[in-house]
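Tertiary structure, described
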Amino acid sequence: MGRKMFHSLARSLLAAGYTTFTVVAATPAPARLQGECWWSAGQSAPEPRVEAATFDSDGRLYMLGGFYPFPTVTKRIHRYEPTSDTWVDLRDMPVALTHSMPALHGRRAWFAGGFQGNHPGAAVPTVWIYDLDLDSWSQGPPLPTAVAATGLVRVGQTLHSFGGVLADRDTVPGAHW
């Protein structure tokens, strides 16, 4: 990551209220930022990935799918345990996905759409639900259209899917479901 990109990311995180960041890839040394904000190296991820889905729950980081190695897509899931600085293998995803954005709803992570299979992968309308307690998967109601890289947000008891790209990877729908 270049210096300008690093500082831009750091400014964004500071503006969002974050004060401490942990890098989950190997770094040569901690890099000090302004004020009380810094990066520190954590245990490297078991598989270096690109465009994996990530979320946090109960102070743990989850990393699902993504390219490893490019253009191959993995179904693997790992959970990072910050207290022990270790990674735990979890049950594989039912399908290999990239560009599927998660949203937590209770103890379940919902994933809407994405590109399925090795690059370039097909855009899919599929919705998958991962149960954090049972380490298991179920299928949810499909999106009305195959789409990838959507925004997925939970507001109250409702999930909202919006934006993203269609199967051609160029068309950005204005859809909001």
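Numbering of residues starts from 1 in each chain and follows the order in which that chain's sequence is written. Thresholds applied to this predicted model are a pLDDT of at least 70 for local features of residues and 80 or more for the giving and counting of side-chain atom pairs; totals over whole chains, interfaces and linings are not thresholded and use all residues. Heavy atoms throughout the structure, all of them, feed into the side-chain values; hydrogens and water do not.

Here's the deal with the overall build of the protein chain
To keep things clear, this is the line we draw: Helix numbering and strand numbering both begin at the N terminus, where a helix is a DSSP run of H or I of at least 4 residues and a strand a DSSP run of E of at least 2. Only protein chains enter the accessibility calculation, which uses a 1.4 Å probe; a residue is then buried when its area is under 20% of its type maximum, exposed when over 50%, and partly exposed in between. The contact criterion used is simple: two residues touch if any of their non-hydrogen atoms lie within 4.5 Å. For every accessible area listed, the method is Shrake-Rupley and the probe measures 1.4 Å; residues are considered covered only by the protein chains on display.
Assigned secondary structure in the protein chain consists of 1 helix and 15 strands. In the protein chain, which comprises 177 residues, the share counted as buried stands at 37%. The long-range fraction of contacts in the protein chain, counting pairs at least 24 apart against all pairs at least 6 apart in sequence, stands at 36%. Total accessible area computed for the protein chain in this model is approximately 9,800 Å², and 56% of it derives from carbon and sulfur atoms.

So, the layout of surface pockets
As a reminder of what qualifies: Using only the protein atoms, space was sampled on a 1 Å grid; points where a 1.4 Å probe fits but cannot get out form cavities, open sets with protein on both sides within 12 Å along at least five of seven lines form pockets, and lining residues are those with an atom within 4 Å of a point. Grid points are joined across faces, edges and corners, and a volume is the space filled by probe spheres set on the points. The classification used treats Ala, Val, Leu, Ile, Met, Phe, Trp, Tyr, Cys and Pro as nonpolar, Asp, Glu, Lys and Arg as charged, and all other residues, Gly among them, as polar.
Its volume calculated, the second largest pocket comes out at about 150 Å³. What lines the second largest pocket is simply Trp110, Ala112, Val127, Pro141, Pro142, Leu143, Pro144, Leu152, Leu159, His160, Ser161 and Trp177. When contributions to the lining of the second largest pocket are tallied by element, the ones reaching two or more residues are strand 9 (108–112) and strand 15 (158–162). The greatest single-element share of the lining of the second largest pocket, amounting to 3 residues, is contributed by strand 15. Across the lining of the second largest pocket, the residue classes tally to 10 nonpolar, 2 polar and no charged.

Thoughts on the side chain of Glu81
Rule in force here: Within 3.5 Å is the distance limit for a polar contact, defined as a pair of N or O atoms, with the added protein rule that one can donate a hydrogen and the other accept it, and that residues adjacent in sequence qualify only through two side-chain atoms.
Turning to its location among the elements, Glu81 is positioned in strand 5 (residues 77–81). By relative accessible area, which is 11% here, Glu81 ends up buried. A polar contact is formed between the side chain of Glu81 and the side chain of Arg60, at a distance of 2.9 Å. Separated by 2.6 Å, the side chains of Glu81 and Arg79 make a polar contact.

Observations regarding the side chain of Thr74
Relative to the elements of secondary structure, Thr74 occurs in the loop between strand 4 (60–64) and strand 5. For Thr74, a relative accessible area of 9% translates into the label buried. A distance of 3.1 Å separates a polar side-chain atom of Thr74 from the backbone nitrogen of Arg76. Residues within four places of Thr74 in sequence aside, it is in contact with Glu47, Arg49, Gly65, Gly66, Tyr68, Ala96 and Leu97.

Examining the sheet that holds strand 11 (residues 122–123)
Applicable threshold: Only when DSSP finds a minimum of two bridges between them are two strands counted as paired.
With antiparallel pairing, 3 strands are arranged side by side in an open sheet as 7-10-11. Two strands bound the open sheet, and with one partner strand each, they are strand 7 (97–98) and strand 11.

Regarding unusual backbone geometry
Omega for the peptide link from Tyr68 to Pro69 comes to -20 degrees, which places this bond in the cis form. Residue placement: Pro69 occurs in the loop between strand 4 and strand 5. Here Phe70 and Pro71 are connected by a cis peptide whose omega angle stands at 5 degrees. Structurally, the position occupied by Pro71 is in the loop between strand 4 and strand 5. Phi at Asp135 is positive, roughly 50 degrees, even though this residue is not glycine. Assignment of secondary structure puts Asp135 in the loop between strand 12 (127–131) and strand 13 (136–139). With a phi close to 60 degrees, Ala149 is a non-glycine residue in the positive phi region. With respect to the helices and strands, Ala149 occurs in the loop between strand 13 and strand 14 (151–155).

Digging into the pairing of strand 8 (residues 101–105)
When strand 8 meets strand 9, the two strands line up antiparallel, connected through 5 bridges. Residue pairing in the sheet places Pro102 in a bridge with Phe111 of strand 9. Connecting the antiparallel pair strand 8 and strand 9 is a turn made up of 2 residues, with Gly106 showing a positive phi of about 70 degrees.

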